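# Coordinate inspection notes
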Amino acid sequence: MNHIAIKMLMGDKGKYFGIVMGLTFASLIMTQQPAIFLGLMARSYSFISDVGLPDIWVMDAKVQFVDDIKPLQDTELYRVRGISGVEWAMPMYKGLLKARLVDGTFQTCNVIGLDDATLIGGPPVMLDGKLEDLRRSDGIIVDIDGAKDKLGKPASTPGGSPTPLKVGDSLELNDHRAIIVGIAKVTRTFQSQPVIYTTYSRAKSYAPKERKLLSFVLVKTKPGQDPAELTRRIRASTGLAAYTQAEFMSLTYEYFMHNTGIPINFGISVLLGFIVGAAIAGQTFYNFTLENLRQFGVLKAMGTGNWTLLRMILLQAVLVGTLGYGLGVGLTALFGYLMRHSILAFKFPWQLLLFSGAGVSLICVFAAVLSILKVLRLEPAIVFKG
Amino acid sequence: MSSSTFAVHCQNVLKVYDTGGQKVTALNGVDLDIAMGELMMLVGPSGCGKTTLISVIAGILDQDSGSCVVFGEDLLNMSSRNKLNFRARNIGFVFQAFNLLPSLSAAENVSVPLIINGMKRSDAERKAISVLEQVGLGARVTALPSELSGGQQQRVAIARALIHSPRLIVCDEPTSSLDHETGRNVMTLLKDVAMHKDRALVIVTHDARIFDFADRIATMDDGHIVEVKTAGILASPASASKACTPDAVEPYNLAPE
């Protein structure tokens, strides 16, 4: 009877298309919106994940997330270095400083100061120049997006795009001359400011004079040492906060989850997609069954059992569900692919496939149950009614 | 004669519908016997209980009381599963509106009863083609119902009703949607290919033009069988003109003129 169920489903092309499109829309919304949400949330900790080498981040105990900088005294670096199990510990500066551009305007930049000797914590990908060039006098590395846009030189024609900065160009950072020695690619963060890398000592000279300028201490554990155990030791010895990289990412993620309206806004979008999809697909599928009720009645009169009819309706639901889900997920993937070079945040892990798959399945089950109840209650004598 | 010698043996069948708190008696103590090899027509005004009676006889509606024994089986006392199997094997249906599945071809429509009875689809469709040839539609086996005329659709429906060799064929107004000539052709076909000494046909109709095909005609009114006569009497022109009136409320005058 399966082929009869499939032919019944596809017999009315318009309705068939309507059901599949309803499910495609639901699947698209339930996949694409969470993908953007996950991409956006991943940006909250992308600065941490870009810094690959250290196992542990040490900071002031009151820090709530990666951009919540509460500076430490430089002496804290030496205290951390003195703790057993620490292979090495390096300073990092992170702060917002104003850059004066060629045309005299100012742009706030996210300045990262790296340990002068090792340059640990540098950008993940260099597009032009080398990380070591930071050791050159007044050297800075600028991220490509900042170089092209906010730090760019005035356009050669009125209304045109800014001319990108390139190696050899210069800026003023807090009245200090800075020469661009490299262009890097960094993962986008929540902050829209350009990112500038320099050495720790040079960053401190750019920053307004303060007693405390050390943002983080980056720690590598000795081989065989458990990072979680070492974080406990650092906390106990220094009174500072110490997190493994994963813990610090999670701390930042949780902060944004609980202190911003992002999850609720995206949650509403996803819920709306689910409700609208369920309404469209459920209603169309139910109407489709209602319109085919006489046909089901004929089959019932001719001796088709309820179980067979139930299987036929389930098959129809599974078929439209699979098609709608596949199309929705495919469109989401296409959307992500087309937007891969844009500013849009997008992350599409396999778990998201399960999430939207479960959503579409729920809609199909809902639609199928409505239809099945109708068909199970159907009196076959309906076939003799005019 | 014992009930087992009849194709259908109904005794004192009562069926009451509850329509929103109002009780409507559709069958009010119907007694009816249909013999093997007989073509019985049920006539009467609209709402007199004809359709309810064939629904009970076909096992798709349960009566409230009384018994209806079909080929020796009391359908009311059968389990749902057995009743389904009984219908699938023993009953063929022909409807006024044909009730073909619109997205299936003629051959696929005809093969449905065999598939319900567990036959492989390819075998069922092969047999369906041969039955369609018997009803003169060998050239239209792949046509969809929408591509066939009313008469052709009814032939497909007849082929579907016959393909699994049921012992009882129940027809509801099989010629009402057809013109006179097509209607008679369909009845000729039904009588030629369906009538068999081990099979019975029950036809509900208002169409007096086909009364002469019946062996007997039972007239119903107000939930009763009023009269059962041989076909020749009711098929006379004067009676026929009354029987043609679908909403006639008076019982037909069955007395010979």
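Note that the structure is predicted; figures quoted are calculated from it, not measured.

## Quick look at the overall build of chain A
When its secondary structure is counted, chain A shows 12 helices and 10 strands. Here the C-alpha atoms of chain A give a radius of gyration of 30 Å, more than 25% beyond the 21 Å that 2.2 N^0.38 yields for 386 residues. If one aligns the C-alpha atoms of chain A with their principal axes, the spans along those axes are about 95 × 60 × 30 Å. Residues classed as buried in chain A amount to 49% of the 386 residues present. In chain A, 77% of the contacts between residues at least 6 apart in sequence involve partners at least 24 apart. Of the accessible surface of chain A, which amounts to about 17400 Å², a share of 60% is contributed by carbon and sulfur atoms.

## Examining the overall build of chain B
Per the secondary structure count, chain B includes 8 helices and 10 strands. A total of 257 residues make up chain B; the buried ones form 54% of that total. Residue pairs at least 24 apart in sequence account for 69% of intrachain contacts in chain B once pairs closer than 6 positions are excluded. Accessible surface, chain B: about 10400 Å² in total, of which carbon and sulfur atoms supply 48%.

## A word on unusual backbone geometry
Peptide bonds are, in most cases, trans, and in most cases residues other than glycine have a negative phi. Residues and elements named next belong to chain A. Located in the positive-phi region is Leu 119, a residue other than glycine, with phi close to 55°. Structurally, Leu 119 is set in the loop between strand S3 (106–114) and strand S4 (125–128). Residue Leu 119 is classed as buried on the basis of its relative accessible area of 4%.

## Thoughts on the side chain of B:His9
Relative to the assigned elements, B:His9 resides in strand S1 (residues 6–19). Among the polar contacts listed, one links the side chain of B:His9 to the side chain of B:Asp33, at a separation of 2.4 Å.

## Looking at the domain arrangement of chain A
You can read the domains of chain A as domain 1 (2–43 + 261–384) and domain 2 (73–239). Here the C-alpha centre of domain 2 of chain A lies 49 Å away from the C-alpha centre of domain 1 of chain A.

## A look at the confidence of the model for chain B
Residue and element names in this part refer to chain B. In the predicted model, chain B carries a mean pLDDT of 81, and the fraction of residues at 70 or more is 88%. For chain B, helix H8 (residues 237–243) is the element with the lowest average pLDDT, namely 44, and helix H3 (residues 106–116) is the one with the highest, namely 92. This model gives residues 234–257 a pLDDT under 50, and the stretch forms 41 contacts once residues within four places in sequence are excluded.

## Structural notes on a nonpolar patch on the surface
Residues and elements named next belong to chain A. Among the surface-exposed residues, Leu 331, Leu 334, Tyr 337, Leu 338 and Met 339 lie close enough to one another that they form a single nonpolar patch of about 490 Å² accessible area. Tracing the chain through its elements places Met 339 in the loop between helix H11 (306–338) and helix H12 (350–376). Residue Met 339 is classed as partly exposed on the basis of its relative accessible area of 32%.

## Focus on the pairing of strand S6 (residues 170–173) of chain A
Residues and elements named next belong to chain A. Of the two faces of S6, the one holding Leu 171 and Leu 173 is buried and the one holding Ser 170 and Glu 172 is not buried anywhere. Bridge count for strand S2 (residues 86–100) against S6 is 2 bridges, and the pairing is antiparallel. Paired with Ala 99 across the bridge in S6 is Leu 173. The sheet contact formed by S6 and strand S7 (residues 176–185) spans 4 bridges and is antiparallel.

## Digging into the nonpolar core
Residues B:Leu32, B:Met41, B:Leu42, B:Phe93, B:Leu132 and B:Leu168 are the most contacted members of the largest nonpolar core, which totals 123 residues. Excluding residues that lie within four positions of it along the chain, B:Leu32 makes contacts with B:Val8, B:His9, B:Cys10, B:Met40, B:Leu42, B:Leu53, B:Ile57, B:Ala218 and B:Ile225. Counting residues in hydrophobic clusters, the runner-up holds 38 residues, among them A:Tyr93, A:Leu171, A:Tyr206 and A:Ala207.

## Quick word on the interface of chain B and chain A
With 25 residues of chain B at the interface, the matching set in chain A holds 21 residues. At the junction of chain B with chain A, the criterion picks out 1 salt bridge. Put simply, A:Lys7 and B:Glu108 hold a salt bridge, and the shortest N to O gap is 2.6 Å. Here chain B is connected to chain A by 6 residue pairs in polar contact (both at pLDDT 80 or more).

## Describing the sheet that holds strand S2 (residues 22–35) of chain B
Residues and elements named next belong to chain B. What the 4 strands build is an open sheet, ordered S2-S1-S4-S5; its pairing is antiparallel. The sheet is open, and its two borders are formed by S2 and strand S5 (73–74), each paired with just one other strand. Relative to the sheet, helix H1 (residues 50–57) contacts S1, S2 and strand S4 (65–70), its axis offset from that of S2 by approximately 60°.

## Some remarks on H12(A)
Counted at 1.5 Å a residue, the expected span for H12(A) with its 27 residues is 39 Å, and the 38 Å between its end C-alpha atoms agrees. A:Leu352, A:Ser356, A:Gly357, A:Gly359, A:Val360, A:Ile363, A:Cys364, A:Ala367, A:Ala368, A:Ser371, A:Ile372 and A:Val375 are the residues of H12(A) that are buried.

## Looking at the packing of aromatic side chains
The full count for this structure, using the stated rule, is 12 aromatic pairs over all chains. Summarising the aromatic geometry, the rings of A:Phe47 and A:Trp57 are spaced 6.2 Å apart at their centres and angled 70° between planes, so their arrangement reads as edge-to-face. With a gap of 10 residues between them, A:Phe47 in helix H3 (residues 46–50) and A:Trp57 in strand S1 (residues 56–59) connect regions that are remote in the sequence. Overall, A:Phe47 belongs to the buried group, its relative accessible area being 7%. Among the residues examined, A:Trp57 registers a relative accessible area of 0% and is labelled buried. Following the ring pairs from residue to residue traces out a cluster consisting of A:Phe47, A:Trp57, A:Phe216, A:Tyr243 and A:Phe248. Residue placement shows A:Lys94 over the ring face of A:Phe47; its charged tip is 5.2 Å from the ring centre. Across the ring face of B:Phe71, the terminal group of B:Arg167 is positioned such that the distance to the ring centre comes to 4.2 Å.

## Quick look at the packing of helix H9 (residues 262–291) of chain A against H11(A)
How two helices pack is summed up by the angle between their axes together with the distance between the axes. All names here are of chain A. It is the contact of H9 with H11, at a shortest axis distance of 12 Å, that shows an interaxial angle of 145°. The handedness of the crossing between H9 and H11 is right-handed. Residues Phe 285, Phe 288 and Thr 289 of H9 touch H11, and the partners they reach there are Ile 313, Gln 316, Ala 317 and Val 320. When the residues that make up the contact of H9 with H11 are grouped by side-chain class, the tally is 5 nonpolar, 2 polar and no charged.

## What to know about the state of the cysteines
Enumeration according to the criterion identifies 0 disulfides over all chains in this entry. This cysteine, B:Cys171, is not joined by any disulfide, and B:Cys10 carries the nearest cysteine sulfur, 16 Å off.

Basis of the calculations
Within each chain, residues carry numbers counting from 1 in the order of the written sequence. Chains and ligands are labelled sequentially in the order written, the chains with letters from A and the ligands with numbers from 1. The predicted origin of the model limits local features to residues at a pLDDT of at least 70 and limits the giving and counting of side-chain atom pairs to 80 or more, whereas totals for whole chains, interfaces and linings rest on all residues. To get the side-chain values, all heavy atoms of the structure are used, and hydrogens and water are removed first. We count a stretch as a helix when DSSP gives it H or I for four or more residues in a row; a strand needs E for two or more, and each element gets its number in order from the N terminus. Note that the radius of gyration is over C-alpha atoms, with the globule rule given as 2.2 Å times the number of residues to the power 0.38. When accessible area is computed with a 1.4 Å probe and restricted to protein chains, residues below 20% of their type maximum are described as buried, those above 50% as exposed, and intermediate ones as partly exposed. Throughout, a contact is declared for two residues whenever any of their heavy atoms are within 4.5 Å. Note on areas: Shrake-Rupley, 1.4 Å probe, and residue coverage restricted to the protein chains presented here. Any pair of nitrogen or oxygen atoms within 3.5 Å is treated as a polar contact; in protein, a donor-acceptor pairing is required on top of that, and neighbouring residues in sequence qualify only through side-chain atoms on both sides. Domain start and end points were adopted from an automatic or database domain assignment. What pLDDT conveys is the predictor's confidence in a given residue, as a value from 0 to 100. Any residue with relative accessible area above 30% and no salt bridge may belong to a patch, with like charges joined within 9 Å and the nonpolar Val, Leu, Ile, Met, Phe, Trp and Tyr side chains within 5 Å. Salt bridge, as used here: a side-chain nitrogen of Lys or Arg that lies within 4 Å of a carboxyl oxygen of Asp or Glu. For two strands to be treated as a pair, DSSP must find at least two bridges joining them. The nonpolar core is taken to be a set of buried Ala, Val, Leu, Ile, Met, Phe, Trp, Tyr and Cys residues, with the residues joined through side-chain atoms within 4.5 Å. Between N-to-C directions, angles cover 0 to 180 degrees, with each direction set by a line fitted to C-alpha atoms, over the stretch in contact for helices. Each helix should span, by expectation, one fewer than its residue count multiplied by 1.5 Å. Stacked, tilted and edge-to-face are the three classes assigned to paired rings of Phe, Tyr and Trp, where Trp is represented by its six-membered ring and a pair needs centres within 6.5 Å; plane angles under 30 degrees give stacked, over 60 edge-to-face, the rest tilted. Look at NZ for Lys and CZ for Arg. If either is within 6 Å of the ring centre and within 35 degrees of the ring normal, a charge sits over the ring. When the near helix sits turned anticlockwise from the far one by under a right angle, the crossing is termed left-handed; a clockwise turn instead gives a right-handed crossing. Three classes are used, and their members are as follows: Ala, Val, Leu, Ile, Met, Phe, Trp, Tyr, Cys and Pro are nonpolar, Asp, Glu, Lys and Arg are charged, and the others, Gly among them, are polar. In this description, a disulfide is simply a cysteine sulfur pair whose atoms lie within 2.5 Å.

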